[in-house]
Amino acid sequence: MHIVSLAGGIGGARFLRGLRATAPDARITVIGNTGDDITLFGLRVCPDLDTVMYTLGGGIDEEQGWGRAKESHVVKEELAAYGMEPQWFGLGDRDFATHIVRSQMLEAGYPLSQITEALCARWQPGVRLLPMSDDRCETHVVIDDDRGRRAIHFQEWWVRLRASVPAESIALVGADTARPAPGVLEAIEEADAVILPPSNPVVSIGTILQVPGIREALLPKTVVGVSPIIGGAPVRGMADACLTAVGVETSAQAVLDLYGSELIDGWLVAPEDAEVRLEGVEVVARPILMHDADATADIARTALDLALELAR
């Protein structure tokens, strides 16, 4: 069985760990969001790809859900002592090594998909991890604050400002000329089921869907999504700020409407959202809070079973 999953960062990575546990014999291809990617101190950082890789490879900081376990921050402190900016993005010493390897390989002419494969050779995540595109795409946010109306990188809005300044709009710069990374469309075509984890529907899943050709490739497939919203609140993070920026209500119903019935065949929601309906979509209400490994595996199993049932 071949399963394809589109994933962002923490929530997507933890869901994938449950999916891998519940379907250990399946071939799983993960298409990762690269809209969060940013260049810092001359190094290319791919937060979502690394979070998936570290989580599935056993190297993640479990408490915070991102970055390396047993991390130190000597380099960050030394950079700050020199007055180097930005100081709001915390790269750890172990994490720096990943970004150095990636940046050197990019400088040598390797595409991001090959670099990701090389990095995963160390971590052995148990899935095939593909970036959504080898082409550079970055999510930017338009805000209006005391410095005026301006566009900033998504990471500055998300990490430094904690989405406290309302976003007027969110755009994936470079999306119009981007192409799916090698293997992405082929994986979707061969998939027996496609699962959308409870990742951010705007800047994680939504970003991947903006790469020309990916959404179109998914339309004939059986796609089941897990709602990132429970009872009108995000499962994790600040997805509500992103939804507000694109004019969408923070609800399981509104996110399903955003994806649309052309894309989604099955939608897994929490019991408190059992009234969600969309013509052509099978809605199933089950506990979807990933509070431990067993619960996460149960959620993944429910999503996969639904996908396989609908694919018959």
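Everything below is about the structure shown above.
Calculation rules
- Residues numbered from 1 in each chain as written.
- Predicted model: local features only at pLDDT ≥ 70, side-chain atom pairs only at ≥ 80, totals over all residues.
- Heavy atoms only, no water.
- Pairing = 2+ DSSP bridges.
- Helix = DSSP H or I, 4+ residues; strand = E, 2+ residues; numbered from the N terminus.
- Axes fitted to C-alpha atoms, helices over the stretch in contact; angles between N-to-C directions.
- Contact = heavy atoms within 4.5 Å.
- Phe/Tyr/Trp six-rings, centres within 6.5 Å; stacked < 30°, edge-to-face > 60°.
- Buried < 20%, exposed > 50% of the residue type's maximum accessible area, 1.4 Å probe, protein only.

(A) The sheet that holds strand β10 (residues 223-226), seen in detail. With parallel pairing, the 7 strands of this open sheet are ordered in space as β5-β2-β1-β9-β10-β13-β14. The open sheet has two edge strands, β5 (128-131) and β14 (282-285), and neither has a second partner. Across the sheet, the mean angle from the axis of one strand to that of its neighbour is 20 degrees, orientation sign disregarded. The sheet strands contacting helix α1 (residues 10-22) are β1 (2-7), β2 (27-32), β9 (193-196) and β10, and the helix crosses β1 at an angle near 165 degrees.

(B) A look at the packing of aromatic side chains. Tallied over the entire structure, the rule returns 6 aromatic pairs. Seen from their ring centres, Trp 88 and Phe 89 are 6.0 Å apart, and the 70 degrees between their planes marks the pair as edge-to-face. Among the residues examined, Phe 89 registers a relative accessible area of 11% and is labelled buried. Taking 6.0 Å as the distance between ring centres and 45 degrees as the angle between the ring planes, the aromatic pair formed by Trp 157 and Trp 158 counts as tilted. For the pair Trp 157 and Trp 158, a shared accessibility class is recorded, and that class is buried. An aromatic cluster is built from Phe 154, Trp 157 and Trp 158, whose rings are joined through pairwise contacts.

(C) Representation of the sheet that holds strand β7 (residues 148-153) within the structure. Spatially, 3 strands are ordered β7-β6-β8 in an open sheet, and the strand pairing comes out antiparallel. Bordering the open sheet on either side are β7 and β8 (167-173), each of which pairs with just one other strand. Adjacent strand axes in the sheet meet at a mean angle of 20 degrees, parallel and antiparallel pairs treated alike. Sheet analysis places strand β6 (residues 138-145) next to β8, joined by 6 bridges and oriented antiparallel. If you follow Ile 143 over to β8, its bridge partner there is Ala 167.

(D) Fine view of unusual backbone geometry. Between Glu 85 and Pro 86 the backbone carries a cis peptide bond, its omega angle lying at 0 degrees. Unusually for a residue other than glycine, Arg 162 sits at a positive phi of about 55 degrees. Here Arg 162 is to be found in the loop between α6 (154-160) and β8. You can call Arg 162 exposed: its relative accessible area is 54%.

(E) A look at the pairing of β9. Burial of the side chains of β9 extends over both faces: Ala 193 and Ile 195 are buried on one face and Val 194 and Leu 196 on the other. Taken together, the 3 bridges between β1 and β9 define a ladder with parallel strand orientation. Its bridge partner being in β9, Val 4 is matched across the sheet by Val 194. Pairing geometry for β9 and β10, over 3 bridges, is parallel. Note on β10: the bridge partner recorded for Ile 195 is Val 224.

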